[in-house]
Amino acid sequence: MPVPDVAGSVAPGTAAAAVAGGASPSSRAARGLLGAAVARKDGPAKILGEARYVDDLVLPGMLHGATVRTRAAGGILERIEFGSGIDWDSFVVVTAADVPGINATQMIEQDQPVLAEHRFRHAGEPVLLLAHADRGLLREAVEAVTLHERADPSPVFSIDDALALRGEVVPGNVYRDYLMSRGDLAAGEAAAEVFFEGRFETGAQEHVYIEPQGMIAYVDAAGVLVVEGSLQCPYYVLGTLTAVTGRDAGSVRVVHCTTGGGFGGKEDYPSQLAAHAALLTLKAGGRPVKLVYDRAEDMLATPKRHPSRTLVRIGAGRDGRLCFLDVDFVLDGGAYTTLSPVVLSRGVIHAPGAYACANARVRGRAVATSHPPNGAFRGFGAPQSIFAIEQAMDGLAEALGMSPLELRRMNMLRPGDRSVPGQTIDATTDFDAVLDQALHESGYLEKRDAFAEFNAANAAAGRPLRRGIGLATFHHGAGFTGNGEVVLASEARVRANVDGCVEVVASSSEMGQGSTTTLCQIVASALGLPLERVSQAPVDTHDVPDSGPTVASRTCMVVGLIVEQAARLLRAELIQKAGLPASGADEHAFAAACARYLDGHPRLEAQARYEPPANVQWDETVFEGSPYASYAWAAYVAEVEIDLATCEVALSGFTAVQEVGKVVNPVIAAGQVEGGVVQGIGFALFEKVAWGNTGTMANNRLTNYIIPTTADIPPVQVFFQEQPGGIGPAGAKGLGELPMDGPGPAILSAVNFALGTRISSLPVMPEDVMAALSAHALRVAA
Amino acid sequence: MSAVDPVSGQPPAPWYRPVSLADALSARARWRKDIVAIAGCTDLMVGWNAGARRLPPVLDLSALAELRSIEAGPDSVTIGATASCASIARHPVIAGRLPMLVASARQTGSVAIQNRATLGGNIMNASPAADNPPVLLAYGARLTLASVRGIRTIDYASFHAGYKRTLAEGDELLVSVTVPFPAERVTAYYRKVGTRRAQAISKIAMAALIERDDGAGPAVVRNASFGFASVGPVPLPAPSLSRSLRGLPLSGIDRAQVERALAADLAPLDDIRSTAAYRRSVAVNLVLAAIDAAREAAPRG
Amino acid sequence: MIPAPDLAFTLNGRTVSTVDGSIGAPSMRLLDLLRLHAGQTGTKEGCGEGECGACAVLVDGELVNSCLVPVGQLHGCTVTSIEGLPRVDPLVTAFARAGAAQCGICTPGMVLAARALLDRVPQPTLDDVREALAGNLCRCTGYARIYTAVLDAATDAGPGKAGGR
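Residues numbered from 1 in each chain as written. Chains lettered and ligands numbered in written order. Predicted model: local features only at pLDDT ≥ 70, side-chain atom pairs only at ≥ 80, totals over all residues. Heavy atoms only, no water.

Caption draft 1: Seen up close, the pairing of strand S3 (residues 56-59) of chain C. Residue and element names in this part refer to chain C. Of the two faces of S3, both are covered, the one formed by Ala-56 and Leu-58 as well as the one formed by Val-57 and Val-59. Judged from the 4 bridges that link them, S3 and strand S4 (residues 62-65) form a sheet pairing that is antiparallel. Counterpart to Ala-56 in the pairing with S4 is Asn-65. Joining the antiparallel neighbours S3 and S4 is a turn of 2 residues, in which Asp-60 adopts a positive phi near 50°. Of the strand pairs in this sheet, S3 and strand S5 (residues 78-80) are connected by 2 bridges, and their pairing is antiparallel. (Buried < 20%, exposed > 50% of the residue type's maximum accessible area, 1.4 Å probe, protein only. Helix = DSSP H or I, 4+ residues; strand = E, 2+ residues; numbered from the N terminus. Pairing = 2+ DSSP bridges.)

Caption draft 2: Representation of the domain arrangement of chain B in the model. Residue and element names in this part refer to chain B. Domain parsing of chain B yields domain 1 (67-180) and domain 2 (186-297). Averaged C-alpha coordinates put domain 1 and domain 2 at centres separated by 21 Å. Counting residues at the interface gives 23 residues for domain 1 and 23 residues for domain 2. With both sides pooled, the region where domain 1 packs onto domain 2 buries about 1700 Å², and carbon together with sulfur makes up 66% of that total. On the surface where domain 1 and domain 2 come into contact, there are 1 salt bridge. The salt bridge partner of Lys-192 is Asp-131, with a shortest N-O separation of 3.0 Å. At the junction of domain 1 and domain 2, the tally comes to 5 residue pairs in polar contact (both at pLDDT 80 or more). Secondary structure elements with two or more residues in the side of domain 1 that touches domain 2: helix H4 (99-106), helix H7 (133-139) and strand S8 (160-162). Broken down by element, the residue count for the side of domain 1 that touches domain 2 peaks at 6 residues, all from H7. For the side of domain 1 that touches domain 2, the per-class residue count stands at 15 nonpolar, 7 polar and 1 charged. (Domains from an automatic or database assignment. Contact = heavy atoms within 4.5 Å. Buried area = accessible area lost by both parts, 1.4 Å probe. Salt bridge = Lys/Arg side-chain N within 4 Å of Asp/Glu carboxyl O. Polar contact = N/O pair within 3.5 Å; in protein donor to acceptor, adjacent residues only side chain to side chain. Nonpolar A, V, L, I, M, F, W, Y, C, P; charged D, E, K, R; others polar.)

Caption draft 3: Quick peek at the domain arrangement of chain C. All names here are of chain C. Splitting chain C by domain gives domain 1 (8-84) and domain 2 (90-157). Between the C-alpha centres of domain 1 and domain 2 the distance comes to 21 Å. Each partner contributes to the interface: domain 1 provides 14 residues, whereas domain 2 provides 11 residues. Note on domain 1 versus domain 2: buried area summed over both sides is about 970 Å², and carbon and sulfur give 69% of it. Taken together, the links from domain 1 to domain 2 amount to 0 salt bridges. Seen at the junction of domain 1 and domain 2, the total is 3 residue pairs in polar contact (both at pLDDT 80 or more). Within the side of domain 1 that touches domain 2, the residues separate by chemical class into 7 nonpolar, 5 polar and 2 charged.

Caption draft 4: Structural view of unusual backbone geometry. Residues and elements named next belong to chain A. Here the residue pair Leu-762 and Pro-763 is connected by a cis peptide bond, since its omega of 0° sits within 30 degrees of zero. Relative to the elements of secondary structure, Pro-763 occurs in the loop between strand S26 (761-762) and helix H21 (766-781). Not every positive phi belongs to a glycine, and Phe-263 is a case in point at roughly 60°. As for its position among the elements, Phe-263 is in the loop between strand S11 (252-256) and helix H7 (269-283).

Caption draft 5: Up close: the sheet that holds strand S13 (residues 308-316) of chain A. Residues and elements named next belong to chain A. Strand order in this open sheet of 6 strands is S7-S15-S14-S13-S8-S26, and the pairing throughout is mixed. Because the sheet does not close on itself, it has two edges, and the strands there are strand S7 (174-182) and S26. Two strands pair when backbone bridges link them, and S13 and strand S14 (residues 322-334) are joined in this way by 9 bridges, in the antiparallel orientation. Looking at S14, one finds that Thr-310 is bridged to Phe-329. Across the sheet, helix H9 (residues 340-350) is in contact with S7, S14 and strand S15 (360-368); its angle to S7 comes to roughly 20°. (Axes fitted to C-alpha atoms, helices over the stretch in contact; angles between N-to-C directions.)

Caption draft 6: Inspection of the packing of aromatic side chains at higher detail. All names here are of chain A. Enumeration according to the criterion identifies 15 aromatic pairs over all chains in this entry. With 6.3 Å between their ring centres and 90° between their planes, Phe-200 and Phe-387 make a pair best called edge-to-face. Of this pair, Phe-200 sits in strand S8 (residues 194-202) while Phe-387 sits in helix H10 (residues 382-400); the two residues are 187 residues apart in sequence, bridging distant segments of the chain. Residue classification places Phe-200 among the buried positions, given a relative accessible area of 4%. When its relative accessible area of 1% is taken as the criterion, Phe-387 is described as buried. A ring pair is formed by Tyr-631 and Trp-633, whose centres lie 6.3 Å apart and whose planes are at 45°; its orientation type is tilted. Judged by relative accessible area, which is 8%, Tyr-631 ranks as buried. Taken together, the ring pairs connect Phe-431, Tyr-628, Tyr-631 and Trp-633 into an aromatic cluster. Against the face of Phe-454 rests Arg-467, its NZ or CZ located 3.9 Å from the ring centre. (Phe/Tyr/Trp six-rings, centres within 6.5 Å; stacked < 30°, edge-to-face > 60°. Lys NZ or Arg CZ within 6 Å of the ring centre and 35° of its normal.)

Caption draft 7: Here's a closer look at the nonpolar core. Core analysis: the biggest nonpolar cluster contains 212 residues, and A:Ile747, B:Phe226, B:Phe228, B:Leu262, C:Phe95 and C:Val150 have the highest contact counts within it. Examining the composition of this core, we find that 11 residues originate from one element, helix H10 (residues 276-297) of chain B, more than from any other. Discounting residues that sit within four places of it in the chain, B:Leu262 has contacts with B:Phe228, B:Ala238, B:Leu241, B:Ala283, B:Val284 and B:Val287. Judged by nonpolar contacts, the second largest core, of 48 residues, contains B:Met45, B:Ile113, B:Phe181 and B:Tyr190. (Core = buried A, V, L, I, M, F, W, Y, C linked by side-chain atoms within 4.5 Å.)

Caption draft 8: Examining the layout of surface pockets more closely. All names here are of chain A. When its volume is computed, the second largest pocket comes out at roughly 1200 Å³. Taken together, 46 residues make up the lining of the second largest pocket; nearest its centre are Ala-66, Val-292, Tyr-293, Asp-294 and Glu-297. Listing elements by their share of the lining of the second largest pocket, those giving two or more residues are strand S1 (63-69), helix H3 (135-144), strand S6 (145-151), strand S12 (289-292) and helix H8 (295-301). In terms of residue count, S1 provides more of the lining of the second largest pocket than any other element does, 6 residues in total. The residue inventory of the lining of the second largest pocket, partitioned by class, reads 18 nonpolar, 12 polar and 16 charged. (1 Å grid on protein atoms, 1.4 Å probe; cavity = no way out; pocket = protein on both sides within 12 Å on 5 of 7 lines; lining within 4 Å. Points joined across faces, edges and corners; volume = space filled by probe spheres on them.)

Structure (structure tokens):
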């Protein structure tokens, strides 16, 4: 797509130089827009039920699609039998033989077929697609198909079994094996005086976006294959569609619908689903086909958070100073590679936590099992490894006879420190201030004492209630890991129309996180316009450039920076060529300038491309350097009350303090943290995926997979600090994933504090509390 | 009526919505269990997704005003089979005299469920995890069943014959539930332990009604009745436990005794929501908690 | 076997009936009538089993999950889905102001659950709100902003002020 002459790429940090004349706008409407609690642009339409999600769309002649899936946990597909009593000629039927291009989802590897043909690796793998106008007949037809499968004799359902090669899903069962090693581990061990060693586990977690996954595909009058749906990453979907259909990007369009939640769950799977819808419409001669999962199919087939198993050995001097840290971190990747290597690398990099330690080794492996592939979920590997290090810090504190707070205070990263990966902590970081506020707002120190007294008194009186408080301190890197942003080289545009209305033209996909409003705020601020003059253009790959996927806490920080640069370029162009006053111009002056410009030019558009800051260098081969351009810092405090009669753990308070650079929109930012914290509470206390005997989710209903309700969640206290050290607009850092990291460790610490137990895995269900109490009683008796 | 269902394009399932009980009983007598009696539909319609086929013929009781009434007498309240959980929870007499029933009604699903779910449905669906049956067992409720042959009443405690089986005959409909007001000097203790605090299916629930004898000495158990959910194939009373507690001083009941009695009464299993061990242990804890509550309520502890 | 009855009810102020063909089989879910037949897609399907509340609507002012209501039971009833809520309502304003909608898929049901609460309890406490909304799952917000919105709407519509119904 041609871009007008104002387009250019601009490096972050050099904006002023690159956009000479782009001095800060002075319009009153725009002043203070960065940081303003403006209402969401998408709010009213959603509240009134007017927003259109994929399942709300009805196209003329539309068929409904359905998927027939394997039943065995891996094996050979020998034959597909179409039962009698069905008028099969009235159905659109697609199998692997109908794939015109490459039969593989285009992720990191191309190992996952879009439709299994012969060999398959897990139960629930798509084999056959059907479409019909009548959903009732469709359901009967799905039931009438029999897949004749020869099941693998030894499927692998756990990390331990994968590592022990009790069954082999892929040769060796390891997708990736990373090593991050710093200093001299042996010397660190020799210097240490107090040690702790532990094994920590986290379970799978289902996203439970309330809108199940769905796509509609059709071929338009121009012969272009159009796929619209619920998704986070339009260009990922486009990549798979072009490969699967053999079409070029010009004859495939991906359009983002209003998306009812993603949380990472709509990062990789929509590529599969879009390919399925596309194959059906192509087979149906371009007739629209809607493929929307019901809840049970969504939970059965789509990725979950990777289960993890982490071994931690950690040692310190008697003063508590860390001497060494040795982590063996393993993720269950499921049956195909999908995103596991990058989830793993983020997990490895976050495994040392937010602490300084000169001698450290982190080994990370993603292993293959016979579960459906696990994938992206808010936090992306970090919640798992941060959980382990935070619990290990508690264990080490106990071994030292120190409070967990003191141990953290002694070892937390401060400006000038080098983190284990090798990043020098920048001068704006003030982790102590974050921790101090969390202690203050939660009343941590007072409550620790009060709860200990309460517990002792209740134990003495035979009363069943116990209280606990727990602390987690952590940081989370924003944006793609390592060189990811370099490879992405994301682009975005800002476009102005003759009436002076401006569009943000980017592939960033609103899925509830508020990116549309945030990006518009950034652009309006840069152009000196009131917010209502700026909107986001529909996310359509035939219009928007590839701004990278909508993941990794990168949208406000990275894409925000790009659109801000583009806005400044556009403004400079108007000042230079259309007489826009360099200062004091309001929206009317802006509109007039746009009209003048467009009188002589076909369009008014500016484009910018992301170039990472020069100091962000990362050596992928040895895991050394600066893996992220910005980190957000946080200290979370959880309070629980436990009834020993039922072992139920009730959350009684939660305080989340974080430093995020710049809060671009306080309402949206707080909403992100509150929502992330509650997902973290679910991860810690409620959400347990029960695996059936073929390795798929057995509790794949909202009745049996339990996420928190209002009755379970007291108001969460959220506080922000702003140290404008991020690379984003006005110093913003990413924050979307951060809140997922802290609740797990903080809550489990609170539980262990309350009970004197050593529970080491999540989720911690009442049944686990009861078992741990029995173990504890035995230990105390002994 | 339309000839076809515009969603599925198929002939609609037979649907009968009588406005008198007599008509409903005639239909029941004619089609017996080939016709599904429905009221609040909160269990039955789970899975009636768009495009679902082969729905059963339906006898819809929701138009029968006489089945929705709640009538309080001097000694008991009689609740129509299709009275909703919400109407039960809001009823002033029930709130005053049968607090456990208010509690169980308010913990049946969510508000949207309580507005539709009926007490009769909760009983007739015969789920071992149903929320209100434990309370009905503890209060000693009686059921009134009607058919074209007449009316009979039976003790609710004897109604569940086995997993999803009841003593209702094929031509009978549940008409009402009569719950007697408890004696004085009783302690009512109800606790639902769900998978979360609301909108949950119980892992275990227990209702206890403990009647004291405040004689000259320490308070003793005159009578204790219980109801349990999710610890067996049906909602369970605990007759062994009731027998074993009768006459004992409230301050002298030990854990082992409760464990022994419950071992005979309950048959918990491992399932997708919890474990047998957890259920067994929590059942004992809840009974002890109820006894504690009764002891604390006694004038001389 | 047995004929389905003729039936008619009011949907967002308009009469729908089997006579004019706007209702099909009595077994049809109210949710499907709304979404597929009436084209009113503000009511969402999140689970199809009464767990998530995304399909919540008001029947005679009471909150129900429309996935669990057969239209055959609605004769003479008044059904209000999000499309039937006044466009200007204190709840709508308060939800927008508080940022109580993120992805928005649970929001129409949540708003109606809140409407049902405020109609019954015009000045609810936080605990009232938490009990009343417990059948409406939200995965984005962590509920905090929804609590704020509902309590604010109650204040806005409080004694002496316009709004509510």
